[in-house]
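Here is how the chains run, residue by residue.
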Amino acid sequence: MTKKVIYKRLRLLCCLSVLITLWNCKSKDITASENYADNLTTLKILQEKEIYNIEIDVAYPFVTAATQQVANTLFLSRTGNTANRIDVRGDSYFINIVKDSVKGDLSFMGERRLSGGTYGMNRGIAFEGVPKNLEKSIDKKNNKLEIKFSINQNGEPSEKYDVRLLIFPNNKAEVEITSTFKTFMRYSGTLQLVDEFQ
C-alpha cells in the first residue's frame, strides 16, 4: 500500500514539473514577443524623427600591416587601445542629421589609398551639407534603424563617402564609412535624444 502512495506522489510530482516547465517556456515566448514589439515601436518612432545626434565613442579602423606597425610604435603602447579599436570618447567626434542636411566630424586612422585631393587640409573625415540618396529603413529581422547617404569631404569634391548609420532601440549606434580614397572605417557611439520642438 505504501508503494502505491509513493508511486502516485512521484507521478504527480513528474506531471507538476512538466507543467511548470511548459509554463515557463510559454512565458519566455510571450516576453520575447513583447520585447520585439516594443523595440519595433521604438524604431518606428526613431525613424519618424528629423534630428539625430550621434556622439562617437570608439573608432574601428581597417587594419593593414602598415597601420598595425605605425600604431604599435607610435601611440598605442600602454594606452589600452589596439590598432583595430581606439577609444575616442571625449574627443567630440559626431554625426548630426537635421531634416535633410548632415554634418560630421570623425577621426580617421587608416591609410589613404590614392593621392587625390589636397594635403594639409582636414585629415579626418569631415562633411557638411545636403547628402545624396538619404534613405531610412527599419531592419525588422535584426532590430535596427538603418540610415544611408552619400556626401563629399569638406573642401575635397573628389573624396566621396558612403555612410551607413545603424541605430538600435537602446540608442546605441554604429557608423560605417566607405571612402573613395581612404580605407574603410567603422565607429560606435550613442544616439543623443534631442527635443525637436526646442
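Up top you'll find the structure we're talking about.
Being a predicted model, the structure only gives us computed values, none of them experimental. (Residues numbered from 1 in each chain as written. Predicted model: local features only at pLDDT ≥ 70, side-chain atom pairs only at ≥ 80, totals over all residues. Heavy atoms only, no water.)

1. Thoughts on the nonpolar core
- Formed by 31 residues in total, the largest nonpolar core has its most connected members in Ile125, Phe127, Phe149, Leu165, Ile167 and Tyr187.
- Setting aside its immediate chain neighbours within four residues, Ile125 contacts Gly104, Asp105, Leu106, Ser107, Phe108, Gln153, Tyr161, Ile177, Lys182, Met185 and Tyr187. (Core = buried A, V, L, I, M, F, W, Y, C linked by side-chain atoms within 4.5 Å. Buried < 20%, exposed > 50% of the residue type's maximum accessible area, 1.4 Å probe, protein only. Contact = heavy atoms within 4.5 Å.)

2. Things to note about the packing of aromatic side chains
- Within this structure, the stated rule accounts for two aromatic pairs.
- Plain terms: the ring middles of Phe127 and Phe149 are 6.1 Å apart, the flat faces sit at 70° to each other, and that makes the pair edge-to-face. Taken together, the positions of Phe127 in strand β5 (residues 125-129) and Phe149 in strand β7 (residues 144-153) put the pair 22 residues apart, joining distant regions of the chain. Taken as a pair, Phe127 and Phe149 share a single burial class, namely buried.
- One aromatic cluster is present, formed by Phe127, Phe149 and Tyr161 through successive ring pairs.
- Seen from the ring of Phe108, Lys182 lies directly overhead, with NZ or CZ sitting 5.2 Å from the centre.
- Above the ring of Tyr60, the side-chain terminus of Arg186 is found at 4.1 Å from the ring centroid. (Phe/Tyr/Trp six-rings, centres within 6.5 Å; stacked < 30°, edge-to-face > 60°. Helix = DSSP H or I, 4+ residues; strand = E, 2+ residues; numbered from the N terminus. Lys NZ or Arg CZ within 6 Å of the ring centre and 35° of its normal.)

3. What about the pairing of strand β1 (residues 51-61)?
- Extensive coverage of β1 is indicated by the burial of 10 of its 11 residues.
- One ladder, built from five bridges, connects β1 with strand β3 (residues 94-98); its direction is antiparallel. Following the sheet pairing, Tyr52 is matched in β3 by Ile97.
- Two elements, β1 and strand β10 (residues 185-192), share eight bridges in a ladder whose sense is antiparallel. Residue Tyr60 lies in a different strand from β10, and its bridge partner there is Arg186.
- Where β1 and strand β2 (residues 86-87) come together, two bridges link them in antiparallel fashion. If you follow Val58 over to β2, its bridge partner there is Asp87. (Pairing = 2+ DSSP bridges.)

4. With respect to the pairing of strand β9 (residues 172-179)
- As paired elements, strand β8 (residues 156-167) and β9 share seven bridges and run antiparallel to each other. Considered in β9, the bridge of Arg164 is made with Glu176.
- Taking the residues that link successive antiparallel strands as the turn, the β8-β9 hairpin has four residues, and the phi of Asn171 there is positive, at about 70°.
- Alignment of β9 against β10, held across six bridges, turns out to be antiparallel. By the bridge assignment for β10, Ile177 is matched with Met185.
- What sits between β9 and β10 in their antiparallel hairpin is a turn of five residues.

5. Focus: the pattern of salt bridges
- Within the structure shown, the criterion is met by six salt bridges.
- Across the pair Asp87 and Arg89 runs a salt bridge whose closest N-O atoms are separated by 3.5 Å.
- A relative accessible area of 52% places Arg89 in the exposed class.
- Note that Glu146 and Arg164 form a salt bridge whose closest N and O atoms lie 2.8 Å from each other. One end of the pair, Glu146, is in strand β7; the other, Arg164, is in strand β8, and 18 residues separate them in sequence.
- For Arg164, a relative accessible area of 25% corresponds to the partly exposed category. (Salt bridge = Lys/Arg side-chain N within 4 Å of Asp/Glu carboxyl O.)

6. Points about unusual backbone geometry
- For Lys99, which is not glycine, the phi torsion reads 55° and is therefore positive.
- For Lys99, the position within the fold is in the loop between β3 and β4 (101-106).
- On the basis of relative accessibility, which here comes to 56%, the residue Lys99 falls in the exposed class.
- Phi is positive for Asn133, close to 55°, though the residue is something other than glycine.
- Locating Asn133 in the fold gives a position in strand β6 (residues 132-139).

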